[in-house]
Amino acid sequence: MQRIILITALFVSGILASYAQEKHTVTISFKGMKTDKGNLYVAIYNKADDFLKKSLKGTIVKIVDKKATIILKDIPSGMYAVSAFHDVNENKKMDTNFFGIPKEPTGMSNDAKGFMGPPKYKDAKFNVNKNTSILININ
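Rules of the game
Residues numbered from 1 in each chain as written. Predicted model: local features only at pLDDT ≥ 70, side-chain atom pairs only at ≥ 80, totals over all residues. Heavy atoms only, no water. Helix = DSSP H or I, 4+ residues; strand = E, 2+ residues; numbered from the N terminus. Pairing = 2+ DSSP bridges. Axes fitted to C-alpha atoms, helices over the stretch in contact; angles between N-to-C directions. Phe/Tyr/Trp six-rings, centres within 6.5 Å; stacked < 30°, edge-to-face > 60°. Buried < 20%, exposed > 50% of the residue type's maximum accessible area, 1.4 Å probe, protein only.

## A word on unusual backbone geometry
Even without a glycine there, the phi angle at Lys92 is positive, about 65°. Even without a glycine there, the phi angle at Asp111 is positive, about 50°. Here Asp111 is to be found in the loop between strand 6 (106–108) and helix 2 (121–124).

## Description of the sheet that holds strand 1 (residues 23–31)
As a general point, the strands of a sheet are linked pairwise by backbone hydrogen bonds and lie either parallel or antiparallel. Ordered by their spatial adjacency, three strands build an open sheet running 4-1-8, and the pairing between neighbours is mixed. On the outer flanks of this sheet lie strand 4 (67–76) and strand 8 (132–137), each paired with one strand and no other. Taking each pair of neighbouring strands and ignoring which way they run, the sheet shows an average axis angle of 20°. The pairing of strand 1 with strand 4 spans eight bridges and is classified as antiparallel. Residue pairing in the sheet places Phe30 in a bridge with Ala68 of strand 4.

## Structural notes on the packing of aromatic side chains
In this structure the tally under the stated criterion is four aromatic pairs. Ring geometry for Tyr45 versus Phe51: centroids 5.2 Å apart, planes at 80°, classification edge-to-face. For the pair Tyr45 and Phe51, one class covers both residues: buried. Relative to Tyr121, the ring of Phe51 has its centre 5.7 Å away and its plane inclined at 70°; by these criteria the two rings are edge-to-face. Placement of Phe51 in the loop between strand 2 (39–45) and strand 3 (57–62) and of Tyr121 in helix 2 is noted, with a sequence separation of 70 residues between them. For the pair Phe51 and Tyr121, one class covers both residues: buried. Linked through ring pairs, Tyr45, Phe51 and Tyr121 together constitute an aromatic cluster.

Written as structure tokens, this is what we have:
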């Protein structure tokens, strides 16, 4: 009888552990670039405190026909936000003016816009609880 209880407990805990660790694919499409020159730098964040500072994952994407797409695999369920900038001059950084305003095209999930500063995580966040596709406009 103890064996049956032990086996059942292990089975149930295995199911719960796999549910808690459920991972998804996030497909992010970008449009609005004015040229194929340069690369698109993309970052995904999972914490408000880290937003625009320390990304969970980041990648660099080639632009083709003024569009780009990335596929992020093994993303756990949760809330996320994405930021991107088009490094048109290929200097591997986002150029800003004297006031810190980007001089190169940028985009955020939910097309979040900032007011007197960068967009907020709460405006850019989206839920991932299944395979998810989003579109971001770069301008």
